[in-house]
Amino acid sequence: CAGAAAASGAGYIILAGRDPGEGPPDAIVRKCVTSREALAALLEDDRIGAVVIGPGLGRGSDAGDWIDAALACEHPLVIDGDALSLLGTSAAERISRRGAATFLTPHSGEFGRMFAAGDTGKIVRTVQAAEASGATILHKGADTVIAAPDGHAVLATDAPTWLSTAGTGDVLAGILAARIAAGAASPLHAAGAAVWLHGRAAHYCGPAFHADRLIDALPIAIADCL
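Residues numbered from 1 in each chain as written. Predicted model: local features only at pLDDT ≥ 70, side-chain atom pairs only at ≥ 80, totals over all residues. Heavy atoms only, no water.

## Quick word on the overall build of the chain
Okay, step 1: Secondary structure assignment for the chain yields ten helices and eight strands.
Okay, step 2: Relative to the compact-globule value of 17 Å for 226 residues, the chain shows a C-alpha radius of gyration of 16 Å, a close match.
Okay, step 3: Its C-alpha atoms give the chain principal-axis dimensions of roughly 40 × 40 × 30 Å.
Okay, step 4: The burial tally for the chain puts 44% of its 226 residues in the buried class.
Okay, step 5: Long-range pairs, those at least 24 residues apart, make up 58% of the contacts in the chain between residues at least 6 apart in sequence.
Okay, step 6: A total accessible area of about 10,800 Å² is found for the chain, and carbon and sulfur atoms account for 52% of it. (Helix = DSSP H or I, 4+ residues; strand = E, 2+ residues; numbered from the N terminus. Rg over C-alpha atoms; globule rule 2.2 N^0.38 Å. Buried < 20%, exposed > 50% of the residue type's maximum accessible area, 1.4 Å probe, protein only. Contact = heavy atoms within 4.5 Å. Areas by Shrake-Rupley, 256 points an atom, 1.4 Å probe, with all protein chains shown as cover.)

Below, the structure written as structure tokens:
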């Protein structure tokens, strides 16, 4: 996720956690954070353009503390991976209290654990969930639906099938954070740009593919827009 943000134009990336790891890319700043209070203090920096929580979070006893700190911050927030499952059915209520923009990136299984099932189609259910939560939702799949809280929706249907590979969702979260931090015209525009770049980079990679290669292809996809 951090690598994807770096490859998508974010100028300064902090990877924070109990064990932020080592190694390349060296441009990523790694910070060891061991408590909710420490993470909250880190997130007070008003230079932060976007926050991502979820990739690599796990579902341990302290994961809820990290989510609480992220939800309380005043920056645009991308919620992905384990954070989606941990929020579960409380997602809409808790996210609706935030003052800053929030983005959810669930696949269909995660979406079903957060929002009530219905007899309507994917587009309608995603729009309803966005309206209820106040979040911009990227409901992933072969037919990714992007819905904003105001009822507007975008449908992306041209993603290559190999994007179902493990790790590609983390890449999408990083791209989205970079687009938000770059100052997109609206949350819906940021989400739409992220989904397009994600799919475009995957087309360049081809089907003999893993998520790390997707990061390498992102600058080529971005060059198509220049």
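## What about the packing of helix α8 (residues 168-181) against helix α10 (residues 211-223)?
Okay, step 1: Contact geometry for α8 and α10: axes closest at 9 Å, N-to-C directions at 30°. When the axes of α8 and α10 are compared, the pair comes out roughly parallel. In the packing of α8 onto α10, the handedness of the crossing is right-handed. Every residue of α10 that contacts α8 at Thr168, Val171 and Ile175 is listed here: Ala211, Leu214, Ile215 and Leu218. (Axes fitted to C-alpha atoms, helices over the stretch in contact; angles between N-to-C directions. Parallel < 35°, antiparallel > 145°, perpendicular 65-115°, else oblique. Left-handed = near helix turned anticlockwise from the far one by under 90°.)

## Thoughts on the sheet that holds strand β8 (residues 153-156)
Okay, step 1: One open sheet accounts for six strands, arranged β3-β4-β5-β6-β7-β8; its pairing is mixed. Of all the strands in the sheet, just β3 (51-53) and β8 have a single pairing partner and so form its edges. If you compare each strand with its neighbour and ignore which way they point, the axes differ by 15° on average. (Pairing = 2+ DSSP bridges.)

## What to know about the packing of aromatic side chains
Okay, step 1: Evaluated as defined, the whole model comprises one aromatic pair.
Okay, step 2: Note on Phe111 and Phe115: the rings are 5.0 Å apart at their centroids and 45° apart in plane angle, and the pair reads as tilted. (Phe/Tyr/Trp six-rings, centres within 6.5 Å; stacked < 30°, edge-to-face > 60°.)

## Here's the deal with α8
Okay, step 1: Its 14 residues place the ends of α8 20 Å apart at the C-alpha level, agreeing with the 20 Å of an ideal helix rising 1.5 Å per residue.
Okay, step 2: Residues of α8 that are buried include every one of Thr168, Gly169, Val171, Leu172, Ala173, Gly174, Ile175, Leu176, Ala177, Ala178 and Ile180, and no others. (Expected span 1.5 Å × (residues − 1).)

## Quick word on the pairing of strand β6 (residues 136-139)
Okay, step 1: In β6, alternate side chains face the same way, and those of Thr136 and Leu138 on one face and Ile137 and His139 on the other are all buried.
Okay, step 2: Here three bridges tie β6 to strand β7 (residues 144-147), and the two strands are oriented antiparallel to one another. Bridging across to β7, Leu138 finds its partner in Ile146.

## Details of the side chain of Thr126
Okay, step 1: Mapped onto the elements of the fold, Thr126 is located in helix α7 (residues 122-133).
Okay, step 2: You can call Thr126 buried: its relative accessible area is 0%.
Okay, step 3: Engagement of the side chain of Thr126 in a polar contact is seen with the side chain of His139, the distance being 2.9 Å.
Okay, step 4: For Thr126, the contacting residues outside a window of four places in its chain are Phe111, Ile137, His139, Val145 and Ala147. (Polar contact = N/O pair within 3.5 Å; in protein donor to acceptor, adjacent residues only side chain to side chain.)

From the geometry alone we can't say anything about function, so treat these as descriptive.
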